[in-house]
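Residue-level structure breakdown
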Amino acid sequence: MISRYQMLQSRVLAEVGELDRTQAAVRRQWQTSLRVAVDQDVYINSVALNLHSFYSGLERIFDLIAVQIDGGKLEGHDWHRELLRQMTLDLPGVRPAVLSRHSAEQLDELRSFRHLVRNIYAATLIPQRMQPIVEMLPDLWADVRRQLETFAAYLGTLSRADEDSPPSV
């Protein structure tokens with residue numbers, strides 16, 4: 001058993017579970033914000049924070065893959081965007097693509113929103129600008145979740161690679 005692949009597989013799947021809960025919180029808080037008039041900003045702020053957390057969780061997974069499989073952490077002012085692009089690459093002899101280009105393009109919108117949330121006051125959030133992101137999230141998450149589970153299965157295969165080899169003499 002190759003433990004580093006097994007550990008990475010476990011970490012990816014644990015993050016997927018957290019992302020499931022975060023995506024559900026986004027949906028639940030958004031629906032509540034549409035129904036209430038009083039303190040609507042509380043729910044909008046919660047949605048923004050959970051969208052921020054959602055993308056940050058995905059980025060943790062991508063960063064782990066970059067460091068443990070691809071060979072290093074990205075640096076520079078645009079590393080967040082480059083990390084997302086890197087996950088779309090099929091690296092022969094190293095790993096398959098983690099994400100489709102289409103998913104990465106949609107996730108880039110979420111990455112941009114996370115950047116916005118980090119750099120504005122919560123009171124300036126505009127719900128109408130958040131709506132397209134919130135509405136695309138369920139389908140996007142279903143696709144990305146499937147892709148991450150496929151990659152986790154690949155890691156599971158790698159973790160057992162030495163079991164198929166004859167014992168060395």
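Quick caveat, the model's predicted, so the values are computed rather than measured. (Residues numbered from 1 in each chain as written. Predicted model: local features only at pLDDT ≥ 70, side-chain atom pairs only at ≥ 80, totals over all residues. Heavy atoms only, no water.)

Points about the confidence of the model for the chain
- Summarising the model, the chain shows a mean pLDDT of 90, and 92% of its residues fall at 70 or more.
- Averaged over each element, pLDDT in the chain is lowest for helix 4 (residues 101-119) (89) and highest for helix 3 (residues 79-86) (95). (pLDDT = per-residue confidence, 0-100. Helix = DSSP H or I, 4+ residues; strand = E, 2+ residues; numbered from the N terminus.)

Observations regarding the nonpolar core
- Ranked by size, the top nonpolar core spans 43 residues in total, and within it L51, L58, F62, L107 and L148 carry the most contacts.
- Of all elements in the fold, only helix 1 (3-35), helix 2 (40-70), helix 3, helix 4 and helix 5 (127-159) reach the threshold of two or more residues within this core.
- For this core, the element with the most residues is helix 2, which contributes 13 residues.
- Excluding its chain neighbours within four sequence positions, the residues that come into contact with F62 are L83, L84, M87, L99, L107 and L148. (Core = buried A, V, L, I, M, F, W, Y, C linked by side-chain atoms within 4.5 Å. Buried < 20%, exposed > 50% of the residue type's maximum accessible area, 1.4 Å probe, protein only. Contact = heavy atoms within 4.5 Å.)

Observations regarding the packing of aromatic side chains
- Enumeration according to the criterion identifies 2 aromatic pairs in this entry.
- For the ring pair F54 and W141, a centre distance of 5.3 Å and an interplane angle of 85 degrees mean the geometry is edge-to-face. Of this pair, F54 sits in helix 2 while W141 is found in helix 5, placing the two residues 87 residues apart along the sequence.
- Residue classification places F54 among the buried residues on the basis of a relative accessible area of 1%.
- Here W141 falls in the buried class, since its relative accessible area comes to 3%.
- Judged by centre distance (5.7 Å) and plane angle (40 degrees), the ring pair of F151 and Y154 falls under tilted. Residue F151 and its partner Y154 are both found in helix 5; the two are separated by 3 residues, about one turn of the helix.
- On the accessibility criterion, F151 (3% relative accessible area) is buried.
- The class for Y154 is partly exposed, based on a relative accessible area of 25%. (Phe/Tyr/Trp six-rings, centres within 6.5 Å; stacked < 30°, edge-to-face > 60°.)

Comments concerning unusual backbone geometry
- At D39, a position not held by glycine, the phi torsion is positive, near 60 degrees.
- Mapping D39 onto the fold places it in the loop between helix 1 and helix 2.

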